[in-house]
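Summary of the model geometry
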Amino acid sequence: MSLIVKTVSRMLTPVMLLVAAYIILHGHITHGGGFQGGVLVACAFILLIIAFGIDYVEAKVSFSFGQAFRSLGATIIIIAALVGMVFGFWFFKNVGVYPYGFPGEVFSAGSLIIYNLGEMANVSASFLVAFYFLIRFRRRRK
Amino acid sequence: MNFPYVVCVFLIMIGLYCILCKRNLLKIILGLIILSDGVNLFFIALGYKAGGVPPILHGETFKHGLESFYTAAVDPLPQAFVLTAIVISMGVVTAALALAVKIYQLYGTLETTKIRRLKH
Amino acid sequence: MPLAAGVVLILLGAYTSPRCQASVAVGASAATMAMSLLLLRETLKGGIIVHKMAGWSAPVGIILVVDGFNAFIASIIVGVVLAAAVFSIGYMRGETSLSYYYALVMLMLGGMMGVVLTGDLFNLFVFLEVMSISAYGLVAFRSYEMEPLEAGFKYLVMGGTATTIVLLGVALIYGAVGTVNLADIACRLRDGGFLPGVSGSLVLSVSLALLVTGFGLKAAIFPFHTWLPDAHPAAPSSISAILSGVVIKVGIYALFRILFIIPLNVDFAFAVAVFSVLTMTVGNVMAMFQTDIKRLLAFSSIANIGYILLALSVGFGGGAYGVYGLTSGLLHVLNHAIMKALLFLTAGAIVHAAGTRNLEELVGVGHKMKATAVILVIGVLAIAGVPPFNGFISEFSILLAALGAGMGPFAALMLANILLAFSYYLRLLYILVWQAPKESLSMIRDPSPSMILPMGVLASLCIVFGVWPQPVLALSHHAALSLLNLNGYIAASLG
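Described in the following lines is the structure provided in the data block. (Residues numbered from 1 in each chain as written. Chains lettered and ligands numbered in written order. Predicted model: local features only at pLDDT ≥ 70, side-chain atom pairs only at ≥ 80, totals over all residues. Heavy atoms only, no water.)

**Regarding the overall build of chain B**
The condition that has to hold: The helix count covers DSSP runs of H or I at least four residues long, the strand count covers runs of E at least two residues long, and both are numbered beginning at the N terminus. Relative accessible area decides the class of each residue, using a 1.4 Å probe on protein chains only: under 20% of the type maximum gives buried, over 50% gives exposed, and in between gives partly exposed. Here the open area of atoms and residues is found with the Shrake-Rupley method and a 1.4 Å probe, where only the protein chains shown may cover a residue.
Along the backbone of chain B there are five helices and zero strands. Helices (α) and strands (β) of chain B occur, in sequence order from the N terminus, as α-α-α-α-α. Looking at chain B as a whole, 37% of its 120 residues are labelled buried. On chain B, roughly 6,900 Å² of surface is accessible, and the fraction owed to carbon and sulfur atoms is 69%.

**Regarding the overall build of chain C**
When its secondary structure is counted, chain C shows 19 helices and two strands. Residues classed as buried in chain C amount to 64% of the 495 residues present.

**A look at the interface of chain B and chain C**
The following threshold applies: The contact criterion used throughout is that any non-hydrogen atoms of two residues lie within 4.5 Å. For any pair of parts, buried area is found by adding up, for both, the accessible area (1.4 Å probe) each one loses once the two are put together. Salt bridge criterion: a side-chain nitrogen from Lys or Arg within 4 Å of a carboxyl oxygen from Asp or Glu. For this analysis, a polar contact is any N or O atom pair within 3.5 Å, provided that within protein one partner can donate a hydrogen and the other can accept it, and provided that sequence-adjacent residues contribute only side-chain to side-chain pairs. As a working rule, the residues Ala, Val, Leu, Ile, Met, Phe, Trp, Tyr, Cys and Pro are called nonpolar, Asp, Glu, Lys and Arg charged, and the rest polar, with Gly in that last group.
Listed by partner, the interface residues are 36 residues for chain B and 31 residues for chain C. A buried area of about 3,000 Å², summed over both sides, lies between chain B and chain C, and 82% of it is on carbon and sulfur atoms. Our count for the chain B to chain C interface comes out at zero salt bridges. For the interface between chain B and chain C, the tally reads zero residue pairs in polar contact (both at pLDDT 80 or more). Those elements that place two or more of their residues in the side of chain B that touches chain C are α1 (3–21), α2 (25–47) and α5 (76–107) of chain B. Take the side of chain B that touches chain C: its biggest share by element is 16 residues, from α5 of chain B. Of the residues belonging to the side of chain B that touches chain C, the class tally is 27 nonpolar, four polar and five charged.

**Here we look at the packing of helix α15 (residues 390–404) of chain C against helix α16 (residues 408–434) of chain C**
All names here are of chain C. Rules: For helices, the fitted line uses only the C-alpha atoms of the stretch in contact; every axis is such a line through C-alpha atoms, and the angle between N-to-C directions lies from 0 to 180 degrees. Angle categories are assigned with fixed cut-offs, so that under 35 degrees is roughly parallel, over 145 is roughly antiparallel, 65 to 115 is roughly perpendicular, and the rest are oblique. Rotating anticlockwise by less than a right angle from the far helix to the near helix defines a left-handed crossing, while the corresponding clockwise rotation defines a right-handed one.
One way to put it is that α15 packs onto α16 with a least axis distance of 8 Å and a crossing angle of 160°. With respect to α16, the element α15 is oriented roughly antiparallel. Of the two possible hands of crossing, α15 and α16 adopt the one that is left-handed. Counting all contacts with α15, which are made through E395, I398, L399, A402 and L403, the residues of α16 involved are G408, A411, M414, L415 and I418. Class assignment of the residues belonging to the contact of α15 with α16 gives a composition of eight nonpolar, one polar and one charged.

**So, the nonpolar core**
Operational definition: In this text, buried Ala, Val, Leu, Ile, Met, Phe, Trp, Tyr and Cys residues form a nonpolar core when linked through side-chain atoms within 4.5 Å.
Counting residues in each nonpolar core, the largest one holds 212 residues, and the members touching the most others are I77, M112, F153 and I242 of chain C. Sort the elements by how many residues they give to this core and helix α6 (residues 146–177) of chain C lands first, with 18 residues. Setting aside chain neighbours within four positions, we find F153 of chain C in contact with L25, I28, I29, A96, L99, A100 and I103 of chain B. Counting 10 residues, the second largest nonpolar core, distinct from the first, contains I46, I54, V61 and V129 of chain A.

**Let's talk about the packing of aromatic side chains**
Here a ring pair, both rings aromatic, is described through the centre-centre distance and the interplanar angle of the planes. The test is simple: Between rings of Phe, Tyr and Trp, where Trp is taken as its six-membered ring, a pair exists when centres lie within 6.5 Å; planes separated by under 30 degrees are stacked, by over 60 edge-to-face, and by other angles tilted.
According to the stated counting rule, one finds 15 aromatic pairs over all chains in the structure shown. Pairing F43 of chain B with F122 of chain C gives two aromatic rings, centres 6.5 Å apart and planes at 75°, and the pair type is edge-to-face. Of this pair, F43 of chain B sits in helix α2 while F122 of chain C sits in helix α5 (residues 121–139), which puts the two residues in different chains. F43 of chain B sits in the buried class, given a relative accessible area of 1%. With a centroid separation of 5.9 Å and 70° between ring planes, the pair formed by F270 of chain C and F410 of chain C is classed as edge-to-face. With F270 of chain C in helix α11 (residues 268–288) and F410 of chain C in helix α16, the pair connects residues that are 140 residues apart, well separated along the chain.

**Thoughts on the pattern of salt bridges**
All names here are of chain C. In this structure the tally under the stated criterion is three salt bridges over all chains. Put simply, R257 and D67 hold a salt bridge, and the shortest N to O gap is 3.2 Å. In this pair, R257 sits in helix α10 (residues 237–261) while D67 sits in the loop between β2 (63–66) and α3 (68–91), placing the two residues 190 residues apart along the sequence. Judged by relative accessible area, D67 falls into the buried class, the value being 1%. With a closest N to O distance of 3.2 Å, D230 and R295 form a salt bridge. Here the residue D230 occupies a position in helix α9 (residues 228–234), and R295 occupies one in helix α12 (residues 293–316), the gap between them amounting to 65 residues. Put simply, K154, D230 and R295 are held in one network by salt bridges that share partners.

**Overview of a nonpolar patch on the surface**
Short version of the rule: To count toward a patch, a residue needs a relative accessible area over 30% and no salt bridge; like charges are then connected within 9 Å, while nonpolar side chains (Val, Leu, Ile, Met, Phe, Trp, Tyr) are connected within 5 Å.
On the surface, M1, I4, V5, V8, L12 and I50 of chain A cluster together into a nonpolar patch covering about 560 Å² of accessible area. Looking at the nonpolar patch, the element that brings in the most residues is helix α1 (residues 3–25) of chain A, giving four residues.

**Here's the deal with empty space enclosed by the protein**
Definition in use: The method works on a 1 Å grid over the protein atoms by themselves. A cavity is a set of points holding a 1.4 Å probe that cannot get out, a pocket is an open set with protein on both sides within 12 Å along at least five of seven lines, and residues with an atom within 4 Å of a point line them. Grid points are joined across faces, edges and corners, and a volume is the space filled by probe spheres set on the points.
Using the criterion set out here, one finds three cavities of 30 Å³ or more in the structure. As for the largest cavity, its lining consists of 14 residues, and the residues nearest its centre are S36 and S89 of chain B together with E129, G160 and T164 of chain C. For the lining of the largest cavity, the elements supplying multiple residues, two or more each, are α2 and α5 of chain B together with α5 and α6 of chain C. Top contributing element to the lining of the largest cavity by residue count: α5 of chain B, with five residues. Class assignment for the residues of the lining of the largest cavity results in seven nonpolar, six polar and one charged. Taken together, N284, S300, A303, N304, Y307, I383, A384, E395, I418, A421 and Y425 of chain C form the lining of the second largest cavity. Contributions of two or more residues to the lining of the second largest cavity are made by α12, α14 (370–384) and α16 of chain C. With four residues, α12 of chain C is the single largest residue contributor to the lining of the second largest cavity. Here the lining of the second largest cavity is composed, by residue class, of seven nonpolar, three polar and one charged.

This is how it looks when you write it as structure tokens:
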């Protein structure tokens, strides 16, 4: 890719990750949440792939790391849900072991933020893995 | 008022047409996408109110009172449903694309007329 | 009530398995089996178990509702998946990327359990998709061959269209009634509580048509059956057993549930009966011409779906014979799951050993695989409806129920179909077991014990349920009664 694309995407990627972090951490008080933030994280990496090529990105975030990260996200969600079950009887129950805080603050909605983080890991990693899979095919054909 | 529904029916018809009549795997996948988008749009249109506000509680809604908020806000449930449905259709499309990639690797073509190893 | 914890285990097994091995899969399904049997025992006492996700009660929150009908179907599903998982330890040895295989099986199990246990129409759709996506992946699992890929793509396009149609039906119902909770829908429809400005009967019949089309496509009812004979043979045999044994039953479950939740004035019984007869005839006639052993079994699955549908249409008639028809239909769901899983596993063992699915090259294979041959004979005789086995009981009672409900012509057609089916099952036995073996098959031996074990268990179940059918009859009778007990369902879910 040309120098312009490379420079712009180098500048843009940290901003995208920052916005993604904002969306994820404020998922329970504003629009968005783990899924939207996760998509944004994956988009940041996909932008890097487009600008610098698959080899550059895959050297930093490998295929198997993506798989592991995805499983990690799913496991986080399950464990948080089980915590709800253990302390509050119902699966996914939002129980009082987390700090409650005031409405509008970041740490205010109990377990929601944990779900958001887990979902972010799951979604971003699965998007990235799917993209890797489809790109690898192109590379093999060359 | 009925305009969104007309568009939905139109999209669904296009999607069904693509799935049934096209002979290229990619076009069939595109038909699937258009079909599910039509249904999603229909679901969203169900929850819409003319002049509605986003169904999110924040400082100002508390000031105006919750009653007016209930009547003004659009129905949030279809939006949650459609978000889920979009994720699911993304999964289906990813699976379909992966299969199409594999088929292309084996056959070297995406035309269904040339991919006929199954008995009929 | 805490027994509903079983559900958690399914989700856990579904999620943590990407790195797990066969033992984890078998362990998880065994534990799920134990949980669902506990659920079944609990519901037999007459209770309906409700688990509220996150503690929100219906109709606001998502709930899981377990009554006798649910628990019955769930136990069947887990049983078949458990048998297939044990079988695949030996069967899938030597395949690549097995962790994906077991992860997909667990996901499919989780999806099926979700469809069956949920009390929410939209969740039913979501879990249906979870089940279907993993099923597509499993059909196309041997992605280095052409046939599985092609069959998988066909299955994917048809299944994806079906689920989208289901979603459209759900959207229409939500637009008309304003809720997606099954019990709440039933409650509001009973009271005629449509949202203002909705012409209820029109929207309801359209959405019901869409839902029936979508679930019918999943269950391979006649005009939508074309994916099944491609997809089921192309999958690995353990997966064929799951697909044919229980995945199409999930579609049947959804049909049963939806049609009894949403009352309609149209004469549904007649329409369902016509489709059932068409389905069984097409399945049986096509099965007669097959030279591929797994393809033959797949067409016979379509025929058996026809029998179950006939029982459903008898059930619409109401009255004592309606309950009897539903009972026999549910009994046939159980029996067909056992028999078809058994047959596909046996066929898988034969194909695994011989390396071909063509009947002409498998002549006399039973002489070389003695244990498999015995099991095969039991399975084929059971599905053909020979008296001492379980298939006879359920097919005969469906016939009796249809006769008693005054559907004589349909019963006669079903009898003709059973006789027709008998002919090709006998041909299958004649080719595989009776004739002298071919020389090309001289090196074949019986499969390993881990493959024989689930087959043996299923075969002995065939005999046990045939000789001593009272317990399963009582179970399916209870399931039919709790399906009809709509008021209890509403009270338990909303209460």
